[in-house]
Structure formats: C-alpha cells, structure tokens
Amino acid sequence: MAAFAGGVGAEMPHAYNLHGMPGLIDMPSADMAPDGEVSLSFASLPQGERYSASFQALPWLATTFRYSGIGEGDLASDRALWDRSLDVAVRLAEEDRYMPAIALGVRDILGTGVLAGEYVVATKHLTPTLAVTGGLGWGRLATGNRIGSIGTRPDDEGSATGGELRLDSLFRGDVGLFGGLRWQSPVAGLSFVGEYSSDDYSAESSFGVDRARSAWNAGVEYRLTDYAQVGLYALNGEGVAFRLTAFANPAGPDIVPKRPDGWTPPTAPRNLTAAFEGSGLRPVRFRQNGDFCEVSVENQRFRKSAEALARAEQVMRATYGDGCGRIRVMLSTHGLDASGTDFVARSEDGTPLFTGAGPVDPQWQPNDELGFGSLDWSVGPLVRLSFFDPDQPVYHDLSLAASAEVQLWPGLSLSGQVSQTVFGDYDEMTRGPKGSLPRVRTDAARYNNEDGRRIDYLTVDHYAQHSAELFSHLSFGYLEQMYAGLVSEIYWRPIGSSLAYGAELNYVKARDFDQQFGLRDLPGLEKLHGHASVYWRTGYHDLDVQVDVGRYLAGDDGATLTVSRSFHNGWEIGAFVTKTTASADEFGEGSFDKGIVLRVPLGIGWTGETRAQSVQRISSLTGDGGQRLSIRNRLNDMLKPESSPGIFGSTVYCRPGNACAKQATP
C-alpha cells in the first residue's frame, strides 16, 4: 500500500462517501481516486451499516463491492436484510480549466434492486479548496427531488435470485436532481461537505427504515493520516452517520519503509551453495563455460524479481570475480526455469547492467545440480476468513499450521500441511445447500465446522519443462479442503507472444468432512472434468485477461472470464464471472458465480522482506455452479511472476542499500 500522493493537508484531496465511492455524503461526484488506489470503508447509518471495498481499476474506471446491513438492530443478526451490491463509475470527461469532470455510474448493477440507481454527474473545482457537484439520478437516486421522467422503469428491479444484470432498467423512469459542495478548510486535513440528496430511502421502508425527513445533508471530514479519513454527518434529518475509510495504492511504496537487509556475500565460501547462504536465494543449477557463467536460483525472499536477479549477480561477482565476465541468472520455481537474464558488466557506480530477460532452453546441462534433496518447513499462524455470508459480514478462524516440502528429485516434490483451530467462529457457519445442483461447494460449511486437526493438503507433484515454451504439471493426493485425486496440466507460452495457453484434466473424489484420509461418495460429482485456458497480457495498465472453458465439478459446462491488474510489488486485484449451462434457478441465490480476486503481499506492513502473500478468491454468493478445483501451483500462477516482460521495467525496482540493476544502453 502507499500514501495518497497529496498527503495530509493537500489542497482538496479526494474523499469517499457513505457508499464507499468517491463522492459527497450519500451522493456521488465525478471525482476519481488516484489510479490503482484501493480502499476499505465502514459506514454507520441511523438504521443500517455498510461495508465497502473499492478499487480504482483504471484512471477512468472506479468499482465498489458493498455489503449492507439494512434495518434496525444492534447486532449483525438483527438486521432485516444483508444485501450485496456492485457499483461501477466511468469518467466520461476530465476536468479542465473551463469544463467540469463528467462521470456516469451505476449502483447495484447485479443485485436484487434494493440499492439500484444510476447517475450522470459533473464536478468542478472552482478554487483549489472549493468544489461544486451536480447531477441527475435514476432509480433510487430519483425517489426524491424528481424533475421529470425518461421511459418506464420496471417495478421489480433485479431478479428473484439476484446477481443478474438489470439492463432493462438502466437510466429509465423518474429523474432526480442532486448536488453539493465540498470545502477544504485552512486546517490541514479538515474539510466540510454539504449536499442536496435525491434518495429519500423509501426503497428500504419495507425493511423498517424510515423515509428521509430532509433532503439536506451536511458533515465534517478529517484525514487522520496518509492512509485514513473519518467523516461525521447529519443524514436525512433522521440522525448521525459515521464513516471510516482506509485507503492505499499498490502502485506506490509500502506502508512501512523497507530497511536494507545488510547481507553481504561471504568471503572464500567453500562452494556455491555456501556463497548463497543468507542471501534469500537458493542455487539450483550451475554451469561455467570459459568466462560465461549460468546459475539457476529459486527466489525465497524478494517480492520483486529484479532484486532477486541483482542479488544473484552480486553473489556470482563476489564469488568468481573476473572468472565470470558474463553472467546469466535464471529464476527457477519447482525446477522450472521461467526466465533468464544476462548481466554483462557493471556501471561506473557499481550498478549491475543487464541486456534483457528471455526464455530458457531446458536442455542446458549444468556442471552441478545443487538444489535437490532440500527440505523447507514452517510452523506458524494460519488465518482463514469467509466474507459476505448472507447471515453476517465475516467469519474468522485462527489456526496453528505446520507445512513442509521436500524436493525428492529435479521436478519431483512431496508437500503437505496440517492445521488445528485455536479460536474463531467457523464452527458457527450454518449456510447450507441452495439451488438443485450437486453439492460440490455448498457443503463447505460442514468442512469449516470442523475445528480439530485437519490435513489441508498432501500431494506429490511433478513439474517438467519440455522446451523453452512448454511446461507440464502432475499432482496426486489430497488436493484441497474438499477433494482428493489427480491433476494433470500442460502450459504453452510461445516466445515473443502476449498469449499463453493451458489445458487441465482432473479426476477427483470428495473428501470426508473431518479432512483426514477418508473419502466419501458425492452424488452428481463430475469426477472427470477439465478446462482449456487462454491467458492474455494486454500491455494496457498491466491488465491480464484469462478465459477458461470446460466442464465444472457439478457437471455444468461453460466459461470463466477473469480480468485482473498486477502491480510490480506483488499486488493483484481483479474480478471473475462464470456462466454455465446451469440455470439461475438451479444455481440458487446469486444466479451465477462471480466475485473478486485479491493477492496481497504480506511484506507491506513490516520492514523485512518476504514473498508471503494472502490470496483470496471471494464469491459474492458461492453456489454449486461454475466451481473448479482449488489447486495450488497452477502453472500460469507459478510462472507469471518470474517471467514478466516488466521484471525491470523502465525504472530500477530495488530498495536503497540493496543490490540494484538497470538495463545496459546499446
């Protein structure tokens, strides 16, 4: 995460509204957050609460996923309704000297219609500290201050099961007028905001929420730090609303600045393995031919591949000196050499110079095989979270986990993890099956209710590199929480192409609920299933597109589209949607599978360096349709970080005091 570029006290910093989007109080604005910014918001309303996660996906595209508790109640279980909604806003025009910024937005585009509304809004900064906003709203944003009508809006917005695009209601029906002002005071971080709202909250009246007594709202906001803002508002003439928003930017530096690790190569090491001790890298293979040295290393510490490459070059120069005039460093994972980078010399200031990164010929014969027979193990906390359950916002579980992996032979490994719950409320999950498909995922609560010792996974894996472009993977054993069996995968990455291709064929059986060694019969499970995949690196703002087509666990056929944005420091944020032959009624509430993908590097919060990360694939409403195996180490996920064409990019990605590298000029 990163600080907001303007910092505390900046002139007119952007602010979020009670819906978790850039805006006024309850109304939207045409402001956008800085490109790449993510935020988490909590809003307490007189008769409800909202939890929002927002992402400025592109400079002109803002998205928000929201979980709203509607109705009176002091506890989550007291709310009359817990509603999930997705908002999208698109900037149509940027503000210039004379014209305002203009944006178009849709609230609750996939929901049941409770929060549904659309708007067109303009915002102009009259002075560096004063901004005015005005707009037109439809749907819920036209329940007050109506000034006209465009067409007829359906009375039953959304579907009975929710989750479907409500295209027939967009920008139709009554039109409401809204607007407001925001003023940045001379006091650093302190601003005042007022608005005239076009939402009278009548859409929530059936859940016990009072209609607004006044269209006028006002409030005060304060930026606590570079990462957080609070707001206090008089809302609807009904009471006080409170908002807390934390925000950061994956494109920038970490929250906690990294310190140099202070490591230097040892003098006169007994061998190459000893030379790399403590470096954060493990040497796997080595070959020397004259003054040309090649080394394959596994990156065990550095999030940024550029730092791993530069550290390897540092070790080789210190160990072999002039004996290695040219050095090729290959980043390896599970015996697969994802990419190779040639270092030719050093600049006058000692910076390593490289000529570029590219694919590796797997047939090269090393002088030494160094990395096999190794054992990696760890014991530590395991945090599990389940979000957006219809009964409460989040369930949590803290377990103690022990994991280990041993490299039995080049490309062959045995790995496993066992865990034991220490405390949490996973055992209180009650959400069960829905729809009419085989219970391939909606029995998850029965697995999660187990708080004894669990075998999370136990597999034998074989990885092979058949050419510079072709890779394969076999995995056998207890694959994940719910399934055991055999996974076979092949992956083709043509040299010089922005496309890669994959195919996967699996045979599985369901595990017993206690997650020990037993298996069970699951009626309707498609034991033999698979997918063909296409991966596209668009080159536009580091967006990646993935399409998977095939048969899913419940026997339904269809496709999954995933669009994500990757950042050089390890963040990845995206969304997925799956449509299959399963109907909305067969799927149940939510209509089809969709959700968000989030990969967060855990090193953002402390001074040391680590490759550890939290990976979440969160469905808004998990059903049995469109469900795949949760497989560790799919080939694209493994190889992509180590073979990115932007490993170095146009700038030097390294920490002050650590080894750096830059491209040699022709």
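Structure: above.
Our subject in this report is the structure included herewith. These numbers were taken from a predicted model, which means no experiment stands behind them.

The rules behind these values
- Residues numbered from 1 in each chain as written.
- Predicted model: local features only at pLDDT ≥ 70, side-chain atom pairs only at ≥ 80, totals over all residues.
- Heavy atoms only, no water.
- Helix = DSSP H or I, 4+ residues; strand = E, 2+ residues; numbered from the N terminus.
- Buried < 20%, exposed > 50% of the residue type's maximum accessible area, 1.4 Å probe, protein only.
- Contact = heavy atoms within 4.5 Å.
- Areas by Shrake-Rupley, 256 points an atom, 1.4 Å probe, with all protein chains shown as cover.
- Disulfide = S-S within 2.5 Å.

### Remarks on the overall build of the protein
Then step 1. Of regular secondary structure, the protein possesses five helices and 34 strands.
Then step 2. Expressed as a percentage of the 666 residues in the protein, the buried residues total 52%.
Then step 3. When contacts within the protein are restricted to residue pairs at least 6 apart in sequence, those whose partners lie at least 24 apart make up 58%.
Then step 4. Of the roughly 27900 Å² that the protein leaves accessible, carbon and sulfur atoms contribute 58%.

### Digging into unusual backbone geometry
Then step 1. Of note, the phi angle at Asn236 is positive, near 60°, even though the residue is not glycine.
Then step 2. Along the chain, the position of Asn236 falls in the loop between β12 (228–235) and β13 (239–248).
Then step 3. Given a relative accessible area of 5%, Asn236 falls into the buried group.
Then step 4. Although it is not a glycine, His541 sits at a positive phi angle of roughly 50°.

### Some details on the state of the cysteines
Then step 1. For the structure shown, the criterion picks out one disulfide.
Then step 2. Between the sulfur atoms of Cys293 and its disulfide mate Cys324 the distance is 1.9 Å. Across the S-S bond linking Cys293 and Cys324, the dihedral sits near -80°, which makes this disulfide left-handed. Taken together, the residues span a long stretch of sequence, with Cys293 in strand β15 (residues 292–299) and Cys324 in the loop between α2 (305–320) and β16 (326–333) at a distance of 31 residues.
Then step 3. A relative accessible area of 0% places Cys293 in the buried class.

Read these as layout, nothing more, since geometry by itself doesn't imply function.
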